[in-house]
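# Architecture and fold: a report
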Amino acid sequence: MGKLIGEFEAYRSKMNDRIMETANTNIKRFFALDTTSYAEGALNVKTKEMLGLVASMVLRCDDCIKYHLGKCHEAGVNSDEMNEVFMIANLVGGSIVIPHYRRAVEYWDELNDV
């Protein structure tokens, strides 16, 4: 596992555990809704994760981008598909997405040991 991936996953896990220590019912429900929304349904998991990645890039959330890149990788998205996802995100989001695109490519490369 690369440095970027290890640091992100460790921090995310640590802070999610901390949040759940004191989370009220609404926060717990929100986390559960997020998890169940990406489950297999009318759309497959791979498609949902690619949609989540595009939305995250357009909204410029680096943590969300990393999360969805990892999930896309797990779902079997290949680099050709990922490049099309990046293209759509940049098209929809405009040039302000480019810095996030750079970091996304770096993270994707690490996921693929490039």
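What counts, and at which threshold
Position labels on residues start from 1 in each chain and follow its written sequence. Reporting of local features is limited, given that this is a predicted model, to residues whose pLDDT is at least 70; pairs of side-chain atoms are given and counted only at 80 or more, and all residues count toward the totals for whole chains, interfaces and linings. Excluding hydrogens and water, the side-chain values take into account all heavy atoms of the structure. Labels follow the DSSP assignment, with helices taken as runs of H or I lasting at least four residues and strands as runs of E lasting at least two, numbered in each case from the N terminus. Computation of the radius of gyration draws on C-alpha atoms, with the globule rule given as 2.2 Å multiplied by the number of residues to the power 0.38. When checking whether two residues touch, look at their non-hydrogen atoms; a contact exists if any pair is within 4.5 Å. Per-residue accessibility takes into account occlusion by the displayed protein chains alone, with areas from the Shrake-Rupley method and a 1.4 Å probe. In this analysis, rings of Phe, Tyr and Trp, with Trp reduced to its six-membered ring, are considered paired at centre separations within 6.5 Å, and the interplanar angle assigns stacked below 30 degrees, edge-to-face beyond 60, and tilted for intermediate values. Note on classification: 1.4 Å probe, protein chains only; a residue is buried when its accessible area is under 20% of the maximum for its type, exposed when over 50%, partly exposed between these limits. Any two cysteine sulfur atoms within 2.5 Å of one another count as a disulfide. Nonpolar side chains (Val, Leu, Ile, Met, Phe, Trp, Tyr) within 5 Å and like charges within 9 Å form the patches, drawn only from residues with over 30% relative accessible area and no salt bridge. Each reported salt bridge corresponds to a side-chain nitrogen of Lys or Arg within 4 Å of a carboxyl oxygen of Asp or Glu. Take the residue count of a helix, subtract one, and multiply by 1.5 Å to get its expected span. The definition of a polar contact used here is a pair of N or O atoms within 3.5 Å, where within protein one atom must be able to donate a hydrogen and the other to accept one, and adjacent residues in sequence count solely through side-chain atom pairs.

Looking up the chain in an unreviewed UniProt entry gives the name Carboxymuconolactone decarboxylase family protein, with the organism given as Mucilaginibacter sabulilitoris.

### Observations concerning the overall build of the chain
If you tally the helices and strands in the chain, you get six helices and zero strands. Relative to its length of 114 residues, the chain is compact, with a C-alpha radius of gyration of 15 Å against a globular reference of 13 Å. Put simply, 58% of the contacts in the chain that link residues at least 6 apart link residues at least 24 apart. For the chain, the exposed area adds up to about 7,400 Å²; of that, 56% sits on carbon and sulfur atoms.

### What about the packing of aromatic side chains?
One pass over the full model with this rule turns up two aromatic pairs. Between F8 and Y107, the ring centres sit 6.2 Å apart and the planes meet at 85 degrees, which makes this aromatic pair edge-to-face. Taken as a pair, F8 in helix α1 (residues 3-22) and Y107 in helix α6 (residues 98-111) lie far apart in primary sequence, 99 residues in all. Judged by its relative accessible area of 10%, F8 is buried.

### Section: the state of the cysteines
The tally for this structure, following the rule as stated, stands at zero disulfides. Sulfur of C72: no disulfide; nearest cysteine sulfur belongs to C64 and is 13 Å away. For C72, a relative accessible area of 0% corresponds to the buried category.

### Digging into a nonpolar patch on the surface
Nonpolar side chains collect at one region of the surface, where M87, I88, L91 and V92 lie side by side and expose about 410 Å² of accessible area between them. Looking at the element boundaries, M87 is found in helix α5 (residues 79-93).

### Quick look at the pattern of salt bridges
Overall, the coordinates contain five salt bridges when judged by the stated rule. As a salt-bridge pair, R103 and D62 come within 3.0 Å of each other at their nearest N and O atoms. Here R103, found in helix α6, pairs with D62, found in helix α4 (residues 62-74); they are 41 residues apart in sequence, far enough to count as distant. When its relative accessible area of 38% is taken as the criterion, R103 is described as partly exposed. For E74, the salt bridge is made with K71, and the minimal N-O distance between the two is 3.5 Å. One end of the pair, E74, and the other, K71, are both in helix α4, three residues apart, so they sit about a helical turn from each other.

### What to know about the environment of E84
As for its position among the elements, E84 is in helix α5. With relative accessibility at 55%, the residue E84 sits in the exposed group.

### Digging into α4
In a regular helix each residue adds 1.5 Å, so 13 residues correspond to 18 Å; α4 covers 18 Å between its end C-alpha atoms and thus fits that length. Taken together, the buried positions of α4 are I65, H68, L69, G70 and C72. Packing partners of the buried residues in α4 comprise α3 (45-59), α5 and α6.

### Topic: helix α2 (residues 25-37)
For α2, with 13 residues, the first-to-last C-alpha span of 18 Å sits near the 18 Å given by 1.5 Å per residue. The opening residue of α2, the one whose side-chain oxygen lies 3.0 Å from the backbone nitrogen of N26, is N24.

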